[in-house]
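Here's the letter readout for the chains.
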Amino acid sequence: TEPAGKVTDLRFLSDQVLLEARGGTLYARDLGGDRSKVTKLAAVHAEVPAAFAVGSGVVATNDGKRITLSRLTHPGTTPTPLGVVEGVTDEIVITLTPDGTLLALADGTGKLAFHETSTGKIARKLWWRKRPDGSVPTVGALAFLADEKTLVVGCADGLRLYDVETGRERGWVGTHSLRSLAVSGDGAFLAASAERGSAVYLWPVASLQPR
């Protein structure tokens, strides 16, 4: 039986497992088995479009109070608990490295950090540059490039690029306010959608690399 609730976000955990956030709950659907059956995994915030993130079998879920990290191998199996990040809100934006070892987290107040997924502890904080007027640009989306060396931050004044190892900003592209980011499967392109209007931006990743 299909669970009730509007689907607010989708992510592939693997080629065989689809994760669905709906009605305040995260479900896993086995695409290699009975697709009509889903497995309940965790509670997520019903009104947050990016209420969860995935990376190499690791799942991060935000219920509006904490981010719970776990490893899931297959629907129907019990997820293996990893770390927890306490004291978060429904304004949190999150993403995971493709290998699932680091969680990037932006809290909407200019605080941006990497957390170890194995413990939930902060691995390093990122330096967040304010606007000339002292205001803090709102973060709409986060994404790691395929090489896992760069975090892309889509915010109200454009695109910011952060070096994962040092946590320092190393590039910036001015655009309208961004609300979503996506990296192509081959890692060659970065796409972004605007907060307002129908604009979609597309960059060759090679053009965003340090020279």
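Refer to the structure above for everything that follows.
Computed from a predicted structure; not experimentally measured.

What counts as what
- Residues numbered from 1 in each chain as written.
- Predicted model: local features only at pLDDT ≥ 70, side-chain atom pairs only at ≥ 80, totals over all residues.
- Heavy atoms only, no water.
- Pairing = 2+ DSSP bridges.
- Helix = DSSP H or I, 4+ residues; strand = E, 2+ residues; numbered from the N terminus.
- Axes fitted to C-alpha atoms, helices over the stretch in contact; angles between N-to-C directions.
- Phe/Tyr/Trp six-rings, centres within 6.5 Å; stacked < 30°, edge-to-face > 60°.
- Buried < 20%, exposed > 50% of the residue type's maximum accessible area, 1.4 Å probe, protein only.
- Lys NZ or Arg CZ within 6 Å of the ring centre and 35° of its normal.
- Salt bridge = Lys/Arg side-chain N within 4 Å of Asp/Glu carboxyl O.

Novice: Can you walk me through the sheet that holds strand β19 (residues 200–204) in this structure?
Specialist: Where strands meet in a sheet, backbone hydrogen bonds hold them as pairs that are either parallel or antiparallel. With respect to topology, three strands assemble into an open sheet ordered β17-β18-β19, the strand pairing being antiparallel. Either end of the sheet is taken by a strand with one partner, and the two such strands are β17 (178–183) and β19. Between one strand and the next, the sheet's axes are offset by a mean angle of 20°, whatever the strand orientation.

Novice: For this particular structure, what's the right way to read the pairing of strand β12 (residues 122–126)?
Specialist: Moving residue by residue along a regular strand, the side chains alternate between the two faces of the sheet. As defined by bridge partners, strand β11 (residues 112–116) adjoins β12 across four bridges and the pair is classed as antiparallel. By the bridge assignment, Ala-113 is partnered in β12 with Lys-125.

Novice: Can you walk me through the packing of aromatic side chains in this structure?
Specialist: Within a pair of aromatic rings, the relevant descriptors are the distance that separates the centres and the angle that separates the planes. Counted by the stated rule, this structure contains three aromatic pairs. Ring geometry for Trp-128 against Tyr-162: centres 6.1 Å apart, planes inclined by 20°, an arrangement best described as stacked. Of this pair, Trp-128 sits in the loop between β12 and β13 (139–144) while Tyr-162 sits in strand β15 (residues 158–163), and the two are 34 residues apart along the sequence. This pair shows no difference in class: Trp-128 is buried, exactly as Tyr-162 is. In this structure, Arg-168 packs its charged tip against the face of Trp-127, placed 5.1 Å from the ring centre.

Novice: In this structure, what is going on with the pattern of salt bridges? I would like to understand it.
Specialist: Pairing of side chains with opposite charge becomes possible as their charged atoms draw close. Summed over the entire model, instances satisfying the criterion amount to seven salt bridges. A salt bridge links Glu-20 to Arg-22; the nearest nitrogen and oxygen atoms lie 3.1 Å apart. The same class applies to Glu-20 and to Arg-22, which are both buried. Residue Glu-20 is joined to Arg-29 by a salt bridge in which the shortest nitrogen-to-oxygen separation is 2.6 Å. Look at Glu-20 and you get buried, because its relative accessible area is 4%. On the basis of relative accessible area, Arg-29 is assigned to the buried category, the value being 8%. Salt bridges sharing partners connect three or more residues here, namely Glu-20, Arg-22 and Arg-29.

Purely spatial values, then, with no claim about function.
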